[in-house]
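# Structural overview
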Amino acid sequence: MFTYQIIIEYLGTSFVGWQFQKNGLSIQEVLEKVLSKFFKHKIKVIGSGRTDSGVHANGQSAHFKIKKKIKDKNTFINSINFFLKRHAISILSIKKKSNKFHARHSATKRIYKYLIVNRRSSLVIEKNKAWHIKKKLNLIIMKKGAKILLGTHNFSTFRSSSCQAKSPIKTLSKVKIDKKKNKIVLTFISKSFLQQQVRSMVGSIKYLGEGKWSLKDFKKAFLSKKRSMCAPTAPPYGLYLYKVKY
């Protein structure tokens, strides 16, 4: 058997998320159907993580196993992307890996980015691709709040009630907030995240930026370890799985 890693870009707007769901079309389902048709036998695609409905990816990583070696990778990518183009999914690259490689378990870092457009006018180009916030945000206090999240903590406040992770303890190795004109990009790096953790953190950081919370309020909510203390979760359409490192 041969193991191949693929890097995938997609717009999550019209999907129920990465993983198979009974209530709609998932990215995993589309990929498996197209790959199974191409190789003429059933293909199972394993992703690095389960992005939620509406969440996008610049660099989702996944792997699959096949019996025969792929001789021409460029032909493979062109052929697969021909069938994927109507689904807003594209395979960016493919690489042969050791049979021990696992897209999820072998990952050492996951990088998520969240895009906010902070302006009065409604969105056209970035509609369903960014969180539109009209009220001017205080970037200084947002950055101070983000620093509190750095390191190893119990992130129960930012954990979805349906999260199946064994432990709420996670380590955020980097949190960065950049602004260019009216676009604010929040970057989060960790080995793994809890379900809806990034969107929950963004929602609480946004509360800081709007002046609805003080730094004391933010810290109190975080340290409470209570989901009920979390600010409203940021919408999925501003979130991007940017890169997975191994």
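Higher on the page you've got the structure.
Per-chain numbering applies: the sequence of each chain, read as written, is numbered from 1 onward. Confidence filtering applies because this is a predicted model: local features only for residues at pLDDT of at least 70, side-chain atom pairs given and counted only at 80 or more, and all residues used for totals across whole chains, interfaces and linings. To get the side-chain values, all heavy atoms of the structure are used, and hydrogens and water are removed first.

So, on to the overall build of the protein. Secondary structure elements follow DSSP: runs of H or I of four or more residues count as helices, runs of E of two or more count as strands, with numbering from the N terminus. Each helix and strand counted, the protein has five helices and 10 strands in total. Values of the radius of gyration come from C-alpha atoms, whereas the globule rule sets the reference at 2.2 Å times the count of residues to the power 0.38. Taking 2.2 N^0.38 as the reference for a compact globule, 246 residues should give roughly 18 Å; the C-alpha atoms of the protein span a radius of gyration of 19 Å, in line with that estimate. Evaluated residue by residue, the protein yields a buried proportion of 48% over its 246 residues. For the protein, restricting intrachain contacts to residue pairs at least 6 apart in sequence, the fraction spanning at least 24 positions comes to 68%. For the accessible areas, the method is Shrake-Rupley and the probe is 1.4 Å, while residue cover comes only from the protein chains on display. Of the roughly 13200 Å² that the protein leaves accessible, carbon and sulfur atoms contribute 52%. His is not counted here, nor are the chain ends, while Lys and Arg score as positive and Asp and Glu score as negative. Each charge is placed at NZ for Lys, CZ for Arg, CG for Asp and CD for Glu. Between the centroid of the 54 positive side chains of the protein and the centroid of its 9 negative side chains there is a distance of 5 Å. The buried label applies to any residue whose accessible area, calculated with a 1.4 Å probe on protein chains only, is under 20% of its type's maximum; exposed applies above 50%, and partly exposed to all values in between. Only heavy atoms matter for contacts: two residues are in contact if any of them lie within 4.5 Å across the pair.

A separate point is the side chain of S36. Note that S36 resides in helix α1 (residues 27-39). At 2.6 Å, the side chain of S36 forms a polar contact with the backbone oxygen of E32. Those residues within four positions of S36 in sequence are excluded, and the remaining contacts are H41, K42 and I43. Residues adjacent in sequence count toward polar contacts only when both atoms are side-chain atoms; beyond that, a polar contact is any pair of N or O atoms within 3.5 Å, and within protein one must be able to donate a hydrogen and the other to accept it.

Any carboxyl oxygen of Asp or Glu that lies within 4 Å of a side-chain nitrogen of Lys or Arg is treated as forming a salt bridge with it. Scanning the model with the defined rule gives six salt bridges in all. The partner of E126 in a salt bridge is K183, with the nearest N and O atoms 2.6 Å apart. Here K183 lies in strand β9 (residues 183-190) and E126 lies in the loop between β5 (109-118) and β6 (131-133), a separation of 57 residues in the sequence. Among the residues examined, E126 registers a relative accessible area of 14% and is labelled buried. With a relative accessible area of 35%, K183 lands in the partly exposed category. For D178, the salt bridge identified is with K176, shortest N-O distance 3.8 Å. Beyond isolated ion pairs, a larger network of salt bridges with shared partners links K206, E210 and K212.

Moving on, we get to the nonpolar core. Think of a nonpolar core as a cluster: buried Ala, Val, Leu, Ile, Met, Phe, Trp, Tyr and Cys residues, connected wherever their side-chain atoms sit within 4.5 Å. Membership of the largest hydrophobic core comes to 66 residues, with the highest contact counts inside it found for F64 and F188. In this structure, L115, V117, L123 and Y240 belong to the second largest nonpolar core, which totals five residues.

Right, let's get into the side chain of T51. Mapping T51 onto the fold places it in the loop between β2 (46-47) and β3 (56-66). Relative accessible area serves as the criterion here: at 5%, T51 is assigned to the buried category. Of note is the side chain of T51, whose polar atom sits 2.7 Å from the side chain of Y10. Excluding anything up to four places from it in sequence, T51 contacts Y10, G17, W18, Q60, Y112 and L241.

Before going further, it helps to examine the pairing of β9. Counting buried positions over the eight residues of β9 gives six, a clear majority of the element. By the convention used here, strands pair only if DSSP detects at least 2 bridges between them. The pairing of β5 with β9 spans eight bridges and is antiparallel. Each bridged residue has a counterpart across the sheet, and for Y114 the counterpart in β9 is L186. Sheet topology places strand β8 (residues 169-180) next to β9; eight bridges connect them, and they run antiparallel. When the sheet's bridge partners are listed, K176 is paired in β9 with T187.

We now examine the environment of K33. Following the sequence through the fold, K33 ends up in helix α1. Taking the C-alpha atoms as reference points, K33 and V244, separated by 211 residues in sequence, lie 24 Å from one another.

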